[in-house]
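Take a look at the letters that make up each chain.
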Amino acid sequence: MNELLKKTAAEQSKALKNKEISAVELTQAAFERIDELDEKLGTFNSLTKETALDTAKKVDEKIAKGEELPLLAGIPLALKDNMNLIGSKTTASSKILENFVSPFNATITQKLLDNLVPIVGKANLDEFAMGSSNENSAFRNVKNPWNLNKVPGGSSGGSAASVAACEATLALGSDTGGSIRLPASFCGIVGMKPTYGRVSRYGLIAFASSLDQIGPFARSVEDAANLLEVISGHDPKDSTSLNLPVEHYASSLNNDIKGKKVGVIKELMSEGLTEDVSKALQNAIETYKNLGCEIVEISLPRLKYSIGIYYILATAECSSNLARFDGVRYGYRTPDAKNLMELYTRTRAEGFGPEVKRRIMLGTYALSSGYYDAYYKKAQQMRALVTEDFKKAFEQVDILISPTCPNTAFDLGSKASDPLAMYLTDIATISANLAGIPGISVPAGFDKDGMPIGLQILAPQLQESRLFNMAHRFEQAHEYYKQLAKI
Ligand code: GLN
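Residues numbered from 1 in each chain as written. Predicted model: local features only at pLDDT ≥ 70, side-chain atom pairs only at ≥ 80, totals over all residues. Heavy atoms only, no water.

Visitor: Help me out: how do you make sense of the pairing of strand 8 (residues 294–298) in this one?
Guide: The side chains of a regular strand alternate, residue by residue, between the two faces of the sheet. Note: strand 7 (residues 261–265) against strand 8, five bridges, orientation parallel. Across the sheet, residue Ile265 finds its bridge partner in strand 8, namely Ile298. Read as a crossover between parallel neighbours, the route from strand 7 over helix 8 (residues 275–290) to strand 8 is right-handed. (Pairing = 2+ DSSP bridges. Helix = DSSP H or I, 4+ residues; strand = E, 2+ residues; numbered from the N terminus. Right-handed = clockwise from strand over helix to strand, strands pointing away.)

Set out below in structure tokens:
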């Protein structure tokens, strides 16, 4: 592997500017790395070589002319395969969209292209982003680069694994209940979910629209901050996107954090944590103390309901969002239906995988007349209470911390037939989506088998700069983020 692939985006940008390597060479090096690992890791559904090399060429032309480069120009990036890029297949890792070719760009994709970021390929995921292990992909499993018998986490498993294995330097994922933070923690990298509305969802295949948010993966907090800056901003095409100026997040990374109040979420401190994860959390608390922060124990009394709330709201929304896949408008169509009803039902029965069907059925049930008040309405009311818990907490502290997951990456197959065990993997991440607040997972150590552990940091809505600052200071106090998977 070209050694430069192991560097952060910030370091690669310098190398490009100093002409140590050209953008085309760097992109080609990423493709060589992908070729080398593809069979082992299963990271990508498809590669977008032409787009990537075209973009890289433009970067080299700018460098040759001595022109200023946009942020992250020339840095190889993997796009989760539920985001549209013109001319590429956008499958959401589902049979129903196996041959769907994007006729348009997602807003985030357009922003990446405008910034001359070479998009190397479409990263594998759990079908329609439903899952926590990437085992729900209709195509193949993604393996964890730290141990090929383990899952990379989901649903953005391909995005996370590609960055951890240096196939790409950056990636984008989508996070509805933890799908960026969880795989980041399992793969030993940084993954960040922005405030709801900070990043446009236009061109992202919708799962649960009131929870979905696109965010960055990187091998350092600084790179993640820069990537968020590139993709953020108001978009008239997404009515939920916030009309607020985009900040230069990287400028506050090194701010002094002395005197800041760090809340440790009581409910996520003990229950179900493995010994190693618990130790890593204690270690994180010590780090913040050493950086001059005050540690406060914070209770979020309604947090324990968040998985239940999520699995009613997310499934209700997905049952509606996925109604459009009916064999008429997009993708797969059953070959010989006898009438319209059969066309719908057989297309969906043949096109969707088992987890997607389970969610559609759950959601349809929760929304059906007679059950709506008991399930959907109650869940909405409870969502407001969870949000209130966070509001109260942030009156007392600047940030909240917890492990990103109570355990490290588990063995492939070990939870695949137990949906409830799988759903519980997201106990620490889901509530941030319910409350719409930003969250990040940063490398925080390793378990006794050498698997990475992630620290989750949460901040109030739109306090991304604070979040990155607190995460960066933690990261720089350790060497964890510098360790790469040996693959
Ligand atoms: N694991 C959760 C689920 O299966 C979250 C997925 C996500 O954030 N997209 O729904």
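Visitor: I keep staring at the site of the ligand and nothing clicks. Help me out?
Guide: Thr176, Gly177, Ser179, Tyr310 and Asp426 are the nearest of the 15 residues found near the ligand. One of the backbone N or O atoms of Gly131 is found 2.8 Å from an oxygen atom in the ligand. In the model, a nitrogen atom of the ligand is placed 3.4 Å from a nitrogen or oxygen of the Ser155 side chain. In isolation the ligand has 290 Å² of accessible area, and contact with the protein removes 100% of it. When grouped by side-chain class, the residues that make up the shell around the ligand number five nonpolar, seven polar and three charged. (Near = heavy atom within 4 Å. Polar contact = N/O pair within 3.5 Å; in protein donor to acceptor, adjacent residues only side chain to side chain. Areas by Shrake-Rupley, 256 points an atom, 1.4 Å probe, with all protein chains shown as cover. Nonpolar A, V, L, I, M, F, W, Y, C, P; charged D, E, K, R; others polar.)

Visitor: Mind showing me how you'd approach the state of the cysteines here?
Guide: In a disulfide, the sulfur atoms of two cysteines are covalently bonded to one another. Tallied over the entire structure, the rule returns zero disulfides. Take Cys405: it sits in no disulfide, and the sulfur closest to it among the cysteines is that of Cys187, at 12 Å. For Cys405, a relative accessible area of 3% corresponds to the buried category. (Disulfide = S-S within 2.5 Å. Buried < 20%, exposed > 50% of the residue type's maximum accessible area, 1.4 Å probe, protein only.)

Visitor: Looking at this structure, how should I read the packing of helix 7 (residues 221–231) against helix 15 (residues 464–476)?
Guide: Two numbers describe a pair of packed helices, the interaxial angle and the distance between the axes. Between helix 7 and helix 15, the shortest axis-to-axis distance is 9 Å and the interhelical angle comes to 160°. Comparing their axes, helix 15 and helix 7 come out roughly antiparallel. Once helix 7 is placed against helix 15, the crossing between them reads as left-handed. For the pair helix 7 and helix 15, contact is made by Val221, Ala224, Ala225 and Leu228 and by Glu464, Phe468, Ala471, His472 and Glu475, respectively. Of the residues contributing to the contact of helix 7 with helix 15, the split by class is six nonpolar, one polar and two charged. (Axes fitted to C-alpha atoms, helices over the stretch in contact; angles between N-to-C directions. Parallel < 35°, antiparallel > 145°, perpendicular 65-115°, else oblique. Left-handed = near helix turned anticlockwise from the far one by under 90°. Contact = heavy atoms within 4.5 Å.)

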